[in-house]
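Here is how the chains run, residue by residue.
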Amino acid sequence: MNTGIKSRTINAKPSANQHHKSDRFVYTGDSPVKNSFNWASFVNLFDYIKPYMKQILVAAAFVLFGTLAQVAAPAIIAIAIDQAINPKNGDSSVRLLLIYAALMFFLCVLQMAISQYRIRKTNKIGQQIICDLRLTLFRRIQSMSLRFFDKMPAGSILQRLTGDIAALEDLVTNGTVNLIMDIFQLIGVITILLIWNFKLGLLIVLTVPLIFAVSSILRKKIRVSFQEMRLKQAYINAHLNDAIQGIKVTQAYEQEKNNIRYFERINGDNIRIWDKASALNQLFIPIIQLSIVVDIIILFLYGSHLVETGVMTVGLFVGYANYMSNFWEPVQRIGQLYSNLLVGMASSERIFEFIKETPGETEAPNAKNLAPIKGEICFEQVVFKYDENLVALRGIDLTIYPGQTVALVGSTGAGKSTLVNLLCRFYDPSEGRVLIDGTDIREVTLHSLRSQISIVLQDTFIFLGTVRENIRYGNLDATDEEVEQAAKSVFAHDFILRLPQGYDTLLQEQGGMLSTGQKQLVSFARAIIANPRILILDEATANIDTETDKHIQQALNALQSGRTTVIVAHRLSTIRDADQIYVLDHGELIEQGRHQELIENAGTYRKFIEMQKFLAAGE
Ligand SMILES: Nc1ncnc2c1ncn2[C@@H]1O[C@H](COP(=O)(O)OP(=O)(O)OP(=O)(O)O)[C@@H](O)[C@H]1O
């Protein structure tokens, strides 16, 4: 399947100024959808329109009445001229004229009322369709595997949720109903023009196929330009996201100017491509205007000849002139809709390819619920590759017994976090099995698995919300008392009470007002409130002051009690107290045992400990 999402590539992209020292890394991974337009992808949109079909049809029925009123108006004027103002017998009738005027007034009011109703109704339907689509996309994102996020930057995802969805908004809001209205109007007008005088009508109508022939040539170019435009916007979003998340590093390395320069470049690219797309789009307008002029010339030359020769009345001649605008209006609108369709096509391809992206590690169709576990973990001949050339784990065999605390140690890139990722089923092993209480975790529902595991990551994530909400994230059913109890058990209660509004203090993005240690304590409370059987801790390597360190140690002890605990360990105290230490090196399990045994073995572990200078600091 062509997912349309190409693997992420980060290039130090040489600009016009090759190898200029200020070139920064440029995200170029999200390439345009190159295949020719796939109607199937656009038809997908109809799945979202279908639930509102009844409402759309009701709106369309109203539109039909409105259009009839609009189409009838020039005919009434023509009849009024021929019967009331300039009748063949020369007897003009004010009474008849007033009747026609009243009829015109009634039709005008009817048309206005219907148009008001239609706009309100269709806007609402359109918004609902967009709302459904956005929700589907968001659901999809929430269920995507980490592999997906490895290759897709946040900015690109945001672009689909915002820009691409907005591009479809206009199309579904007014597009569908307007199209029905315009088709009704065109059929009505063309029928009258042909009935009144077939030859003249045909000459006027013949200009339309000409326009569509020209548009189909422009179509391809416009579509490519709109796609490029969306792509540039994705680059902008990706860069914005990077720039905001990495502002500290940017300022520390004084890269602000470089960042601005790069932003100027992609921002400029975006406006250039917009200019190109809109210039192509604008070409439709003179083409239509030219056609109107041609039609007016036809009417003046041939129409006046028909009036002169008595084939056509003056009323009908005026009728033709009026219908000219009634005829070109819908053609112009269809042209505009066509442009919206082109923008929508580019966006819908990107949205639906995203929706169809295989979610990676999903539940088996017959997945069962993992019963409450004791907490035995077993890795059986586990091999894991991030991609074909990157083997992160090589034949890992280990068993952790219920209630044990084990430490994973090894140099950077050894595979410790990968092991933990497999245990949470963020990724599935390429070979071998991960078992909990003897059950392969691929056979159970993600909910029943993950609800029994808590993970505390090194980079503690604090959500935008109160301290209470951040702790309760571990178990949304927890009461306020349970939240406080959890905070107390990890020694976070005291510092929380010292915050301006205690548990109700609003934490800014990434918990800006909390220290690293405090953020960790909040995440410990979040983990403990979930009451997991298995606890995974990716220990922070950051230096924390001794007072907080003491609290964290106490908190860790509280967290571990009665649970199977797997710690990606960096602190000597943690490693020394572990029931079992697993030493990883380049994805292989090379040693295992207790601290003293491993030291006596005088192998890699001992060297590792010495190298880290842990022994010197701790003994
Ligand atoms: N998302 C990823 N995509 C591709 N490769 C990855 C990914 N995450 C890790 N790797 C690679 O897999 C290998 C093991 O990484 P892992 O994060 O498990 O190491 P680690 O032992 O936890 O290291 P550290 O102590 O530095 O956190 C490394 O070579 C790393 O480059």
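Residues numbered from 1 in each chain as written. Predicted model: local features only at pLDDT ≥ 70, side-chain atom pairs only at ≥ 80, totals over all residues. Heavy atoms only, no water.

Enquirer: Could you give me a rundown of the packing of helix H6 (residues 198-205) against helix H7 (residues 207-245), with the residues and numbers involved?
Expert: Orientation of H6 relative to H7, taken along the N-to-C sense of each, is 15°, at an axis distance of 5 Å. By the criterion of interaxial angle, the relationship of H6 to H7 is roughly parallel. Across from Leu203, Ile204 and Val205 in H6, the residues of H7 making contact are Thr207, Val208 and Pro209. Residues belonging to the contact of H6 with H7 are distributed by class as follows: five nonpolar, one polar and no charged. (Axes fitted to C-alpha atoms, helices over the stretch in contact; angles between N-to-C directions. Helix = DSSP H or I, 4+ residues; strand = E, 2+ residues; numbered from the N terminus. Parallel < 35°, antiparallel > 145°, perpendicular 65-115°, else oblique. Contact = heavy atoms within 4.5 Å. Nonpolar A, V, L, I, M, F, W, Y, C, P; charged D, E, K, R; others polar.)

Enquirer: Can you tell me about the environment of Leu423, naming the residues and giving the values?
Expert: Along the chain, the position of Leu423 falls in helix H12 (residues 416-423). Measuring from C-alpha to C-alpha, the distance between Leu423 and Ile534 comes to 9.9 Å, with 111 residues separating the pair along the chain. Setting aside chain neighbours within four positions, we find Leu423 in contact with Ile377, Phe379, Val434, Ile436, Ile441, Leu449, Ile453, Ile534, Ile536 and Val566.

Enquirer: Pulling in residues and values, what's your account of the site of the ligand?
Expert: Around the ligand, the structure places 13 residues, and the nearest of them are Thr412, Gly413, Lys416, Ser417 and Thr418. The separation between an oxygen atom of the ligand and a polar side-chain atom of Thr412 is 2.5 Å. Look at the ligand: alone it shows 630 Å² of surface, and the protein chains cover 64% of it. Elements with a minimum of two residues in the shell around the ligand: strand E4 (390-400) and H12. Per element, the largest residue contribution to the shell around the ligand is three residues, and it comes from H12. (Near = heavy atom within 4 Å. Polar contact = N/O pair within 3.5 Å; in protein donor to acceptor, adjacent residues only side chain to side chain. Areas by Shrake-Rupley, 256 points an atom, 1.4 Å probe, with all protein chains shown as cover.)

Enquirer: Which residues make up helix H9 (residues 256-282), and what values go with them?
Expert: An ideal rise of 1.5 Å per residue puts 39 Å on 27 residues; H9 measures up with 38 Å between its terminal C-alpha atoms. Of the positions making up H9, those classed as buried are Asn258, Asn259, Tyr262, Ile266, Gly268, Asn270, Ile273, Ala277, Ser278, Leu280 and Asn281. (Expected span 1.5 Å × (residues − 1). Buried < 20%, exposed > 50% of the residue type's maximum accessible area, 1.4 Å probe, protein only.)

Enquirer: Tell me what's going on with empty space enclosed by the protein, and back it up with residues and numbers.
Expert: The rolling of a water-molecule-sized probe over the atoms marks out the regions of remaining empty space. In this structure the tally under the stated criterion is two cavities of 30 Å³ or more. Lining the largest cavity are Ile377, Phe379, Leu398, Ile400, Leu408, Leu419, Val420, Leu423 and Val566. In terms of residue count, the dominant contributor to the lining of the largest cavity is H12 (three residues). The class makeup of the residues in the lining of the largest cavity is nine nonpolar, no polar and no charged. Estimated volume of the second largest cavity: approximately 40 Å³. Around the second largest cavity, the lining residues are Ile56, Thr122, Ile125, Ile129, Val172, Thr173, Thr176 and Val177. Broken down by secondary-structure element, the contributors of at least two residues to the lining of the second largest cavity are helix H3 (94-143) and helix H5 (154-196). It is H5 that provides the largest number of residues to the lining of the second largest cavity, a total of four residues. Taken together, the residues of the lining of the second largest cavity break down into five nonpolar, three polar and no charged. (1 Å grid on protein atoms, 1.4 Å probe; cavity = no way out; pocket = protein on both sides within 12 Å on 5 of 7 lines; lining within 4 Å. Points joined across faces, edges and corners; volume = space filled by probe spheres on them.)

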